[in-house]
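# An overview of the molecular structure
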Amino acid sequence: MTERPYVLLSCAASIDGYIDDATGQRLVLSNEADLDRIDEVRAGCDAILVGAGTVRRDDPRLLVRSDARRADRVARGLPASPARVTLTGCGDLDPEARFFTVGDTDRFIYCATSAVEKTRERLGDRATVVDAGEPVDLTRALGDLAARGVRRLMVEGGASVHAQFLTAGLADELHLVVAPFFVGDSRAPRFGGDGCFPWHAGRRARVAEVRQIGDVALVRYALSDRCAG
C-alpha cells in the first residue's frame, strides 16, 4: 500500500497503565478540560475508529460535541462530525447502537470475509460493510479509507485495537493521557498488552509534547516521520 491515512491513537490510562477497571462500570480517567481537547482533535479528523467490542460495551456516539467546532466543519463543506469506523471479525453489532443511530455521518464496518454477508443483512443501510479479509487486515482497511478520502484517522480504542495498530507499525502519533491514580487489578484491560512492538529499548519513540491538563498529563509521542512537532 502506497497510501494510508495519518493515524493518530488516543488513549487515557491510569498511572499503572490500565484503561478501565474490572467493575463493569465506566471508569472516568480524563477530565473536562482534556475531553474538550479530545473534541478538538476529533473535529480535525476525517474519521474516528473504535473496535466492535467498544461499540458493544460503551455504546459511544463519537460525535464532535462543540457547537462551534461542528459549525466550522460544516462551513468548510464537511459533515458536522467525522465518519465512524469499526472493525469486526464476527459481525456481532447491534443496529440500534448509537454508533449507527445518532448523528448524520458515514459509517464504515471493516468485516472479516466470513461475516460480511451476515453483517450486511443485519445492518442494512445503516452502514457500509467492507470485506477486509480473513482475518481483518488493517492495511487493507486503511487503504480503503484512503480511497474514500479519509486523510486523518483517529483511533480511540479499545485495548486490542490499539495494540493491533501499534504492533503492525501503522500508527503515526499517540496521545497518551495519564490519570493521577492506580487501578491495581490484573483482571482489568491495560494499554498495549503483550506483543512485538516496533518501539522498544533499542528504538525509542520520540516525545513530541508533554502537557499538564488539570490533574492529568498528556504525552504526545511521534511514532513515524509523518508526525510533526
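Notes on the structure follow. (Residues numbered from 1 in each chain as written. Predicted model: local features only at pLDDT ≥ 70, side-chain atom pairs only at ≥ 80, totals over all residues. Heavy atoms only, no water.)

### What to know about the overall build of the protein chain
Counting secondary structure elements, the protein chain contains seven helices and nine strands. A compact globule built from 229 residues should have a C-alpha radius of gyration of about 17 Å, and the protein chain, at 17 Å, falls within 12% of that. Projecting the C-alpha coordinates of the protein chain onto the three principal axes gives extents of approximately 45 × 40 × 40 Å. Across the 229 residues of the protein chain, 48% fall into the buried class. In the protein chain, 68% of the contacts between residues at least 6 apart in sequence involve partners at least 24 apart. Counting only carbon and sulfur atoms, one obtains 48% of the accessible surface of the protein chain, whose full area is about 11,300 Å². Across the protein chain, the mean location of the 31 positive side-chain charges is 2 Å away from that of the 34 negative side-chain charges. (Helix = DSSP H or I, 4+ residues; strand = E, 2+ residues; numbered from the N terminus. Rg over C-alpha atoms; globule rule 2.2 N^0.38 Å. Buried < 20%, exposed > 50% of the residue type's maximum accessible area, 1.4 Å probe, protein only. Contact = heavy atoms within 4.5 Å. Areas by Shrake-Rupley, 256 points an atom, 1.4 Å probe, with all protein chains shown as cover. Lys, Arg positive; Asp, Glu negative; His and termini not counted. Charge placed at Lys NZ, Arg CZ, Asp CG, Glu CD.)

### Some remarks on unusual backbone geometry
With an omega of -5°, the peptide bond running from Glu 134 to Pro 135 counts as cis. A positive phi angle, close to 60°, is found at Leu 62, a residue other than glycine. With respect to the secondary-structure elements, Leu 62 resides in the loop between α2 (52-58) and α3 (67-75).

### Digging into helix α5 (residues 116-123)
Buried residues of α5: Val 116, Thr 119 and Leu 123, and no others. Taken end-on, α5 shows its buried residues confined to a sector of 65°, consistent with a single buried face. Away from its buried face by more than 90 degrees, α5 exposes Glu 117 and Glu 121. Of the residues one or two after α5, Gly 124 is the one with positive phi, at around 60°. (Arc of directions from axis to C-beta.)

Nothing here speaks to function; it is geometry throughout.
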